[in-house]
Amino acid sequence: MSVEIALYGARVRYGPLEALHGVDLVVPRGSVTVLLGRNGAGRTTALHALAGSVPLSAGRVLWRGADVTRLPAHRRARLGLAFVPDRRPVFGSLTVAENLALFTDQGQDHGQEPALDALEALATSEVFAVFPALRPLLGRRAGTLSGGEQRMLAVSRALLTRARRAPLDEPGLGLSPRAAAHAYGALGGLTAGGGRTVVVAEQRLPAALRPATTVVHELRRGEVVFTGEPAERPE
């Protein structure tokens with residue numbers, strides 16, 4: 001098994017409270033890894049630690065063998081990590097179309113300003129096969145969308161980006177069961193043929209994501225209590 005990114009002995013503190021207690025967590029390359037746990041279990045903190053948006057108080061983050069523990073989130077993003085957090089996952093002052101265009105090939109090649117050809121490329125984007133409800137919202141500012149609509153937009157950006165690693169925090173949050181199933185199916189498809197690496201944090205393993213999931217890490221009170229294949233996990 002080739003390792004894409006991993007935490008070793010990771011500890012994270014929020015003031016006097018320690019959220020992760022020496023966690024070892026390995027993400028295989030070109031696969032779907034799911035971090036399970038109830039609220040407060042540490043799954044979201046582990047995802048942020050992988051993305052670099054919270055610092056470790058101890059331990060290491062290794063990315064394909066290289067120590068990136070001290071590499072900030074924006075540097076990890078430039079190296080090909082597209083993080084979708086559970087809160088404020090979109091650029092509220094930009095339109096839906098502009099948010100999406102930033103993550104197309106053309107938009108990324110032109111920096112932060114969405115290029116005309118990037119906007120035009122959205123017309124035939126496969127994103128609308130996953131989330132058809134986004135098409136009539138293209139001209140709306142993302143900050144005016146509902147929570148579910150913002151979640152669809154955030155997941156769509158992860159589908160569009162060229163980044164090879166995509167950590168997502170509860171991508172189905174606020175979505176209808178049908179939209180959530182489409183989202184999980186599309187995320188699972190990103191790893192086909194050893195393509196991209198997807199890490200998802202969830203309270204429960206989504207049925208639509210189970211066929212594509214290689215490894216499950218279950219966290220409880222800041223510690224990993226189970227690691228293995230979905231079928232090996234006791235219900």
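Structure: above.
Residues numbered from 1 in each chain as written. Predicted model: local features only at pLDDT ≥ 70, side-chain atom pairs only at ≥ 80, totals over all residues. Heavy atoms only, no water.

1. Side note on the environment of Y184
The condition is simple: To qualify as a helix, a DSSP run of H or I must reach at least 4 residues; to qualify as a strand, a run of E must reach at least 2; elements of each kind are numbered from the N terminus. Residues are treated as being in contact if the distance between any of their heavy atoms lies within 4.5 Å. Here a polar contact means two N or O atoms within 3.5 Å. Within protein one must be a hydrogen donor candidate and the other an acceptor candidate, and residues neighboring in sequence count only if both atoms are side-chain atoms.
Mapped onto the secondary structure, Y184 falls in helix α8 (residues 177–189). Separated by 42 residues in the primary sequence, Y184 and F226 place their C-alpha atoms 22 Å from one another. Not counting residues up to four positions away in its chain, the partners in contact with Y184 are P171, G172, E202, P206, A208 and L209. In this structure the side chain of Y184 is engaged in a polar contact, spanning 2.6 Å, whose partner is the side chain of E202.

2. Overview of the sheet that holds strand β5 (residues 66–67)
Selection criterion: Criterion used throughout: strands pair if DSSP finds at least two bridges between them. Axes here refer to lines fitted to C-alpha atoms; in helices the fit is confined to the stretch in contact. Angles between the N-to-C directions go from 0 to 180 degrees.
Sheet architecture is open: 4 strands sit in the order β2-β1-β4-β5, paired in antiparallel fashion. What marks the edges here is a single partner per strand, and that holds for β2 (17–28) and β5. Summarising the sheet, strand β1 (residues 3–14) and strand β4 (residues 58–63) pair through 5 bridges and their orientation is antiparallel. Residue A6 lies in a different strand from β4, and its bridge partner there is L62. Sheet strands touched by helix α1 (residues 43–51): β1, β2 and β4. Its angle to β1, the strand with the most contacts, is close to 115°.

3. Description of the pairing of β4
Alignment of β4 against β5, held across 2 bridges, turns out to be antiparallel. Bridge assignment links L62 to a residue of β5, and that residue is D67.

4. Describing helix α7 (residues 147–160)
Definition in use: Expected helix span is computed as 1.5 Å times (number of residues minus one). Burial here depends on accessible area, computed with a 1.4 Å probe over protein chains only, as a share of the maximum for the residue type. Under 20% is buried, over 50% is exposed, and the range in between is partly exposed.
In a regular helix each residue adds 1.5 Å, so 14 residues correspond to 20 Å; α7 covers 20 Å between its end C-alpha atoms and thus fits that length. For α7, a buried count of 12 out of 14 residues is recorded, marking the element as mostly surrounded by other parts of the structure. Here α7 has its buried residues at G148, Q150, R151, M152, L153, A154, V155, S156, R157, A158, L159 and L160.

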